[in-house]
Amino acid sequence: MKNKKSNLGTIFITGISASGKTTLGKRLLNDLIESGFKNLKLLDGEETRTLFETRGLHFGYSVEDRDAHTREIAKLVFEYNAKGIICIVCAIAPSKKSREQMRQQVGSLMEVYLECPVEVCAKRDYKGHYSKAFKGLYKTFIGVTDPYEISDHPQLVLKTHKMDVKLCSETLLKKSLDYLKNGKNEYMMFNAEGKLDT
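Residues numbered from 1 in each chain as written. Predicted model: local features only at pLDDT ≥ 70, side-chain atom pairs only at ≥ 80, totals over all residues. Heavy atoms only, no water.

Undergrad: With reference to specific residues and values, describe the overall build of the protein chain.
TA: Across its full length, the protein chain carries seven helices and five strands. The N-to-C order of helical and strand elements in the protein chain reads β-α-β-α-α-β-α-β-α-α-β-α. Within the protein chain, buried positions represent 47% of all 198 residues. Restricting the contact set of the protein chain to residue pairs at least 6 apart, pairs at least 24 apart contribute 75%. Put simply, the protein chain shows about 10300 Å² of open surface, and 51% of that area lies on carbon and sulfur atoms. (Helix = DSSP H or I, 4+ residues; strand = E, 2+ residues; numbered from the N terminus. Buried < 20%, exposed > 50% of the residue type's maximum accessible area, 1.4 Å probe, protein only. Contact = heavy atoms within 4.5 Å. Areas by Shrake-Rupley, 256 points an atom, 1.4 Å probe, with all protein chains shown as cover.)

Undergrad: An account of the nonpolar core is needed here, citing residue identities and associated values.
TA: Ile11, Ile13, Leu32, Ile88, Val112, Leu158 and Leu172 are the most contacted members of the largest nonpolar core, which has 24 residues in total. If you list the elements that add at least two residues to this core, you get strand 1 (10–14), helix 1 (21–34), strand 2 (40–44), strand 3 (86–90), strand 4 (109–115), strand 5 (156–159) and helix 7 (165–182). Top contributing element to this core by residue count: helix 7, with six residues. Those residues in contact with Leu158, other than ones at most four positions away along the chain, are Leu24, Val112, Tyr113, Leu114, Glu115, Met163, Cys168, Thr171 and Leu172. (Core = buried A, V, L, I, M, F, W, Y, C linked by side-chain atoms within 4.5 Å.)

Undergrad: Can you tell me about the sheet that holds strand 2, naming the residues and giving the values?
TA: For sheets, the rule is that strands pair by backbone hydrogen bonds, running either parallel or antiparallel. The strand order across the open sheet built from five strands is 2-3-1-4-5, with neighbouring strands paired in parallel fashion. Of all strands in the sheet, those with a lone pairing partner are strand 2 and strand 5, marking the two edges. Neighbour to neighbour, the strand axes of the sheet diverge by 15° on average, direction disregarded. Alignment of strand 2 against strand 3, held across five bridges, turns out to be parallel. Following the sheet pairing, Leu40 is matched in strand 3 by Ile86. (Pairing = 2+ DSSP bridges. Axes fitted to C-alpha atoms, helices over the stretch in contact; angles between N-to-C directions.)

Undergrad: Please set out the packing of helix 3 (residues 63–82) against helix 4 (residues 96–106) residue by residue, giving values where relevant.
TA: Relative to each other, helix 3 and helix 4 sit at 20°, their axes nearing to 9 Å. Considering their axes alone, helix 3 and helix 4 lie roughly parallel with respect to each other. Judged by the sense of rotation from one axis to the other, the crossing of helix 3 with helix 4 is right-handed. On helix 4, the residues touching Asp67, Thr70, Arg71, Ile73, Ala74, Lys75, Val77, Phe78 and Asn81 of helix 3 are Ser98, Gln101, Met102, Gln105 and Val106. (Parallel < 35°, antiparallel > 145°, perpendicular 65-115°, else oblique. Left-handed = near helix turned anticlockwise from the far one by under 90°.)

Undergrad: Can you tell me about the environment of Leu24, naming the residues and giving the values?
TA: Along the polypeptide, Leu24 turns up in helix 1. By relative accessible area, which is 4% here, Leu24 ends up buried.

Undergrad: An account of the packing of aromatic side chains is needed here, citing residue identities and associated values.
TA: Going through the model one piece at a time under the given rule, you end up with five aromatic pairs. For the ring pair Tyr113 and Tyr148, a centre distance of 5.4 Å and an interplane angle of 15° mean the geometry is stacked. You can see Tyr113 sitting in strand 4 and its partner Tyr148 sitting in the loop between helix 6 (129–134) and strand 5, a full 35 residues away along the chain. When sorted by exposure, Tyr113 lands in the same class as Tyr148, which is buried. With 5.8 Å between their ring centres and 15° between their planes, Tyr138 and Phe141 make a pair best called stacked. On the accessibility criterion, Phe141 (9% relative accessible area) is buried. By the ring-pair criterion, three or more aromatic residues cluster together here, those being Tyr130, Phe134, Tyr138 and Phe141. (Phe/Tyr/Trp six-rings, centres within 6.5 Å; stacked < 30°, edge-to-face > 60°.)

Undergrad: Mind laying out the pairing of strand 5, listing which residues take part and the relevant values?
TA: Neither face of strand 5 is open: one carries Leu156 and Leu158, the other Val157 and Lys159, and all of them are buried. Where strand 4 lies against strand 5, four bridges are found, and the strand directions are parallel. Of the residues in strand 5, the one forming a bridge with Tyr113 is Val157.

Undergrad: Any chance you could break down unusual backbone geometry for me, citing the residues and the numbers?
TA: Unlike most non-glycine residues, Ala18 shows phi in positive territory, near 70°. Position of Ala18 relative to the elements: it lies in the loop between strand 1 and helix 1. Of note, the phi angle at Ala93 is positive, near 40°, even though the residue is not glycine. Within the fold, Ala93 resides in the loop between strand 3 and helix 4. Owing to a relative accessible area of 4%, Ala93 belongs among the buried residues under this scheme.

Rendered as structure tokens:
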């Protein structure tokens, strides 16, 4: 059963590692539940890797493997949408092509790009992945050895190095509600004060 008075869709939160994807995805899930939505599914990148492994699908971290991983997420999203479930996806998905392919496959999709400089993400990285990447210990690491390709027109850009978590969450929720309830999905970028950049 579809959520009452909502347009079924997918909210795709993307950006480099430690830009805030999982944090904002979890907060959005809780905020949408509090707003009356019931049929929701959070698909976090790392958690989907574990799920796919149980299905015999194993992905590395090269750009090619990440693209293949994104394609499998798209298939999963399509399955959930077909059951009337709104998905919140949190994944790096570094290539524009893979994100556009997901949009074409699932139909209605709101892309949210989390803008944050590599040096800021590196300071947030409690797992130490950036430090290892800077030392050359990783063959591939998005933002260090390989670029993240920014989409020409994501529906929402949040500058997570300038906006705090509370402001990012409030802005994301407002835009998501507009998208899910009213079908509004135009490009929007917000500044550090949470005001629309023009």
